[in-house]
Amino acid sequence: MTDCQGDGEGASTPMELYERLGAQGDKVRSLKSAKAEKAEVDAAVQLLLKLKIDYKQMTGQDYKAGCPPSEEAAAPDNGPTAEGDEDTVDPWNVSTTNAKGVDYEKLIVKFGSSKIDKELVDRIEQVCGQKPHRFLRRGVFFSHRDMHQVLDAYEKHKSFYLYTGRGPSSEAMHVGHLIPFIFTKWLQDVFDIPLVIQLTDDEKYLWKDLTVEECHRFAIENAKDIIACGFDLNKTFIFSDLDYMGASPEFYRNVVKIQKHVTFNQVKGIFGFTDSDCIGKISFPAIQAAPSFSNSFPQIFGSRSDIQCLIPCAIDQDPYFRMTRDVAPRIGYPKPALLHSTFFPALQGAQTKMSASDANSSIFLTDTPKQIKNKINKHAFSGGKDTVEDHRKYGGNPDVDVSFMYLTFFLEDDEQLEKIRQDYTSGALLTGELKKILIETLQPMIAQHQERRKRVTEDIVKQFMTPRPLNFNL
């Protein structure tokens, strides 16, 4: 990863940094207009994002072109322990002190990924011939690794496959768990490509106070919810690690290859493991990495190891795949590409992810219409004012309001969503009215999911989870 530390050191005042931001923005536009090399454009964009972060830290304000900082602009006094305000994002912990949630632009710089900008969204639309999914239009999927490379190959009639997954820690999933599967189904449909879905029941056994049997049962139950999202049986293979590892020598061989090329010091550095962690945890990352390589699935791809993999996932899973991308060329495989999503907020606010262990932090896929209504009315964090009078006068803040955040995920109509934002911001729409819109959006969506799940029989689950050839053209 390129070290971006100190990129804004030449600017000693807010105005100097503002002017440097303007010049860097011009440079990015110039490079794009000249169709410069992708690496040069990405480097310029990374510097632009870093300068924006420096500007916010210096002034306490977001950078806006044409709006220079006021003379009084200064960063808030955070004291000597500013590092304590850093967002925490890893596969097991996500936390932030900001009511708006994690600072994703800062996370892009930290992780060294690339922003999904309008140019990339437009290109996806051009290549697939479909209107971009609302998750792309609204920045729910906001970051990527090598998506342009995937599209370059696809335009040359070289296809790819999808890989995503789920850690089955409980029998019931919540609406936040649907995000990667909703988007992955769209990708499967518009690109007409195969998909593998890993259920990491082994991981949950290693990390949670659960029996092997409980973890495997949760995997089967979660598979029913995943299948209910509408995946194509002829193009989708779902597998439990506890089942597939012992049934596929090719999969295990890739696990061993990965393990040989990652040292103990590396996994400690990447994942924060300590000497007291069990050896199962230390070796697990190789198991999550193995589906990134096509020859892990000989029943689907035969012996081919050259087929590109695209992984849609939440950005907290990125450490696994940074490790995978580092190992891939050393064992003769292509690096997997990634599309990263933001986190789905808890009802209590965007400071943390939703938790399957806290019934009131989530809207579960098993909730009744009454439970959905009660949870939203009682627990959904509001960006509104304390009184109706103040709310009418000053308006609400949709950026911290959980009901509005949820609508950005599930309300399809862009114009309707923008009108809700404007009405709430102006005070024309009250918090209770906003919650009512969310309730009326989620109740039928979850009821329809429950009906589809009822039709998922044990036999259908077995069909999806049986290793077999899939119907596709590469």
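Preceding this paragraph is the structure being described.
From a predicted model like this one, the values you see are computed outputs, not experimental measurements.

Engineer: Looking at this structure, I do not really get the pairing of strand 8 (residues 308–314). What am I missing?
Structural biologist: Sheet faces and side chains relate simply in a regular strand, where the side chains alternate between the two faces. For strand 8, the buried fraction is high: 6 of the 7 residues fall into the buried class. For strand 5 (residues 160–166) and strand 8, the ladder comprises 3 bridges, and the chain directions are parallel. If you follow Tyr 161 over to strand 8, its bridge partner there is Cys 309. With 5 bridges joining them, strand 8 and strand 9 (residues 337–341) adopt parallel strand pairing. Paired with Ile 311 across the strands is Leu 338, a residue of strand 9. Between the parallel pair strand 8 and strand 9, the chain is carried across by helix 15 (residues 318–327), and the sense of this crossover is right-handed.

Engineer: Quick question: what am I supposed to make of the state of the cysteines here?
Structural biologist: What makes a disulfide is a covalent bond joining the sulfur atoms belonging to two cysteines. Tallied over the entire structure, the rule returns 0 disulfides. Lacking any disulfide linkage, Cys 229 is separated from the closest cysteine sulfur, that of Cys 313, by 17 Å. The closest cysteine sulfur to the non-disulfide-bonded Cys 313 is located on Cys 309, 10 Å from its own sulfur.

Engineer: When you look at the sheet that holds strand 4 (residues 141–145) in this model, what are you seeing that I'm missing?
Structural biologist: In sheet architecture, strand pairing relies on hydrogen bonds along the backbone and comes in two forms, parallel and antiparallel. Pairing in this open sheet of 7 strands is mixed, and the strands run 3-4-9-8-5-6-7 from one edge to the other. For this open sheet the edge positions go to strand 3 (114–115) and strand 7 (236–240), each flanked by a neighbour on one side alone. Each of strand 4, strand 5, strand 6 (195–199), strand 7, strand 8 and strand 9 touches helix 7 (residues 178–191); the most contacted strand, strand 5, lies at about 165° to it. Strands in contact with helix 21 (residues 458–465) are strand 6 and strand 7; relative to strand 7, the strand with the most contacts, it is inclined by about 95°.

Engineer: It is not clear to me how the pattern of salt bridges should be interpreted in this structure. Could you clarify?
Structural biologist: Side chains that differ in charge, positive against negative, can pair when their charged atoms come close. Taken as a whole and judged by the stated rule, the model has 30 salt bridges. Measuring nitrogen to oxygen at the nearest pair gives 2.6 Å for the salt bridge that ties Asp 189 to Lys 185. One end of the pair, Asp 189, and the other, Lys 185, are both in helix 7, 4 residues apart, so they sit about a helical turn from each other. According to the relative accessible area criterion, Asp 189 is partly exposed, its value standing at 44%. In this structure Lys 185 comes out as partly exposed when scored by relative accessible area, which is 21%. Glu 458 is the partner of Lys 224 in a salt bridge, and the nearest nitrogen-oxygen pair spans 2.7 Å. Separated by 234 residues along the polypeptide, Lys 224 in helix 9 (residues 212–227) and Glu 458 in helix 21 bring together distant segments of the chain. Taking the relative accessible area as the measure of exposure, Lys 224 reaches 9% and is therefore buried. A cluster of three or more residues bridged by salt bridges with shared partners is formed by Arg 134, Arg 137, Arg 138, Glu 412 and Asp 414.

Thresholds applied
- Residues numbered from 1 in each chain as written.
- Predicted model: local features only at pLDDT ≥ 70, side-chain atom pairs only at ≥ 80, totals over all residues.
- Heavy atoms only, no water.
- Buried < 20%, exposed > 50% of the residue type's maximum accessible area, 1.4 Å probe, protein only.
- Helix = DSSP H or I, 4+ residues; strand = E, 2+ residues; numbered from the N terminus.
- Pairing = 2+ DSSP bridges.
- Right-handed = clockwise from strand over helix to strand, strands pointing away.
- Disulfide = S-S within 2.5 Å.
- Contact = heavy atoms within 4.5 Å.
- Axes fitted to C-alpha atoms, helices over the stretch in contact; angles between N-to-C directions.
- Salt bridge = Lys/Arg side-chain N within 4 Å of Asp/Glu carboxyl O.

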